[in-house]
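Fold and geometry: a report
The primary structure of each chain is shown beneath.
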Amino acid sequence: MITREQIRELAEFEDPGASALTFYFQHTAPRNKAHKEETILTKELARDVLRRLESNGKNESARADLDRMVRRSQEWLGNGARAKGVFACSARGFWREYDLPARLPSTQFFVDRHFHLKPLAQILGAFPSLGVVLVDRHRARLFDLRLGELIEREGFFHPLIRRGRSDGFAGYDGGHAERRVADEARQHFKVVADFLMAALEKGIFEKWILGCQETHWSQFETQLHPYVRERLLGRFPAEVAHVSRDDIRSRAERIFEDWQQRRCGEAVHETLSHARSHTRGVTGLRRVLRALEMGEVQTLLIGENYVAQAVECSGCGHLDAHIVSTCPVCGRDTREVVDVAEALLPRVIHRDIELFYVKDDPEFDKVGNIGALLRFRSEQNGNVRSIDSIPANQPLGRQQGLVGRYRGAASR
Ligand SMILES: [Zn+2]
């Protein structure tokens, strides 16, 4: 599966010749059925892209990439692969191939100066790194859950050294033995809780899900630091030694999906109410673009079917909702961007901005289907310092540099 660093690499890539090819492959037909139709469809889609390239007088390197993509898709059909993403630009010696969760909208090709990242962002946008912890009175296991893949971190917890019989005194044991067992369990829960605290602090994962027996939860909970408790998304009943991997994964994914839906709903609500009171929320493309350039955005919300045009400066990368021919920041020429939501993604990915695609929300629709929750607001009461006030000769900050690498979706 794809890592954050790999996604960053894709977000940064740019081909001035506009032959960066993106191929999303989603196998939809039932096993061994209709392979032929899928192959035909893939070939047709590839031919369309090639025709478009030819009409623009550029096809040499892209043709080789397209052929290779079609060949690869035939191999995937043969070995039952469900979903893949290929990002290629042979003119610049670039080819990356990743397994993706089988939740892509369809098989699609894109060609542009940049790779097309919306399907990736939809899958990854609000996907924190997740730890799944199984615990009982004397064992603990830790898994990473990422994009439908569950990987156990072996040896993350040190097994508690069980004391032998020799340290009890047969005959005098009675209540001591019970107390000792309870004591050992408490110590063990504390060790696990401390490990979780350290793991969250080191960023090994951002959120976690717990599998344990109900009877152990109350004891374990008392050992959790509030910081760790806050990051717990939910728990499910599990027997550490016997629960199957599939069971862990499906239960954890359900908990995560419920959380994600709640989180998106909360973010929309929060953004709208903050925007109304001119505090930590903005709505509408113009204000969202400005907040992004000011580095204020914590969570970005985009309507699932949102499409809007903008222009992008060929010099500094400034994105503007007004279709103007010269950049208001540096005065150089702008070019049109057909899908501003796609043009935003490299910056969103670079800066780890939480991203949700909002589905059918009438309230959100009313405010223009784009909004952002801010970490801070440069100045209160909506009196935000305009990007226009930055002198043209002032070196642009890191954020503008990042934007600058994105050269628009409508460059053809
Ligand atoms: Zn500019």
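Look a little higher up for the structure.
In short, a report on the structure. What you see is a predicted model, and the numbers here were worked out from it, not measured in a lab.

Parameters and conventions
Residues numbered from 1 in each chain as written. Predicted model: local features only at pLDDT ≥ 70, side-chain atom pairs only at ≥ 80, totals over all residues. Heavy atoms only, no water. Buried < 20%, exposed > 50% of the residue type's maximum accessible area, 1.4 Å probe, protein only. Helix = DSSP H or I, 4+ residues; strand = E, 2+ residues; numbered from the N terminus. Pairing = 2+ DSSP bridges. Salt bridge = Lys/Arg side-chain N within 4 Å of Asp/Glu carboxyl O. Donors = N, O, S within 2.8 Å, 3.2 Å for Na, K, Ca; no water. Arc of directions from axis to C-beta. Axes fitted to C-alpha atoms, helices over the stretch in contact; angles between N-to-C directions. Contact = heavy atoms within 4.5 Å.

**Thoughts on the pairing of strand E5 (residues 130-135)**
Counting buried residues in E5 gives 6 out of 6 residues, a clear majority hidden from the surface. Where burial is concerned, the two faces of E5 agree: the one with Leu-130, Val-132 and Leu-134 and the one with Gly-131, Val-133 and Val-135 are both buried. Two strands pair when backbone bridges link them, and E5 and strand E8 (residues 207-212) are joined in this way by 6 bridges, in the parallel orientation. Each residue of the ladder has a partner; that of Leu-130, found in E8, is Lys-207.

**Description of the pattern of salt bridges**
One pass over the structure, following the stated rule, counts 24 salt bridges. The residue Asp-144 makes a salt bridge to Arg-153 at a minimum N-O spacing of 2.9 Å. Between Arg-180 and Glu-184 there is a salt bridge; the shortest N-O distance is 4.0 Å. Placement of the pair is Arg-180 and Glu-184 together in helix H5 (residues 174-201), with a separation of 4 residues, close to one helical turn. Look at Arg-180 and you get partly exposed, because its relative accessible area is 27%. Taking the relative accessible area as the measure of exposure, Glu-184 reaches 10% and is therefore buried. Salt bridges sharing common partners tie together Glu-5, Arg-8 and Asp-352.

**Points about the coordination of the zinc ion**
Around the zinc ion, the protein contributes the donor atoms Cys-313 (SG), Cys-316 (SG), Cys-327 (SG) and Cys-330 (SG), at 2.3 Å from the metal centre. Mapped onto the sequence, the donors of the zinc ion take the spacing C-x2-C-x10-C-x2-C. Note that Cys-313 is positioned in strand E12 (residues 310-313) and Cys-327 in the loop between strand E13 (319-320) and strand E14 (334-337), a separation of 14 residues in sequence. The pair formed by Cys-313 and Cys-327 is uniform in burial state, with each residue classed as buried.

**Description of helix H1 (residues 4-12)**
Burial in H1 covers these residues: Ile-7, Arg-8, Leu-10 and Ala-11. Looking down the long axis of H1, one finds its buried residues gathered within 160 degrees of arc, a one-sided arrangement.

**Some words on the sheet that holds strand E15 (residues 354-358)**
Taken in spatial order, the 4 strands make up an open sheet running E10-E16-E11-E15, and their pairing is mixed. Since the sheet does not close on itself, it has two edges, and those belong to strand E10 (281-283) and E15, each with one partner. Put simply, the sheet's adjacent strands are angled 15 degrees from each other on average, direction ignored. The pairing of E10 with strand E16 (residues 370-374) spans 3 bridges and is classified as antiparallel. Each residue of the ladder has a partner; that of Gly-281, found in E16, is Leu-373. The sheet contacts of helix H9 (residues 285-293) involve E10, strand E11 (297-303) and E16, and relative to E10 the element is tilted by about 135 degrees.

**What to know about the environment of Gly-368**
Among the structural elements, Gly-368 can be located in the loop between helix H12 (362-366) and E16. For Gly-368, a relative accessible area of 35% puts it in the partly exposed group. Note: C-alpha distance between Gly-368 and Gly-284 (84 residues apart in sequence) is 5.5 Å.

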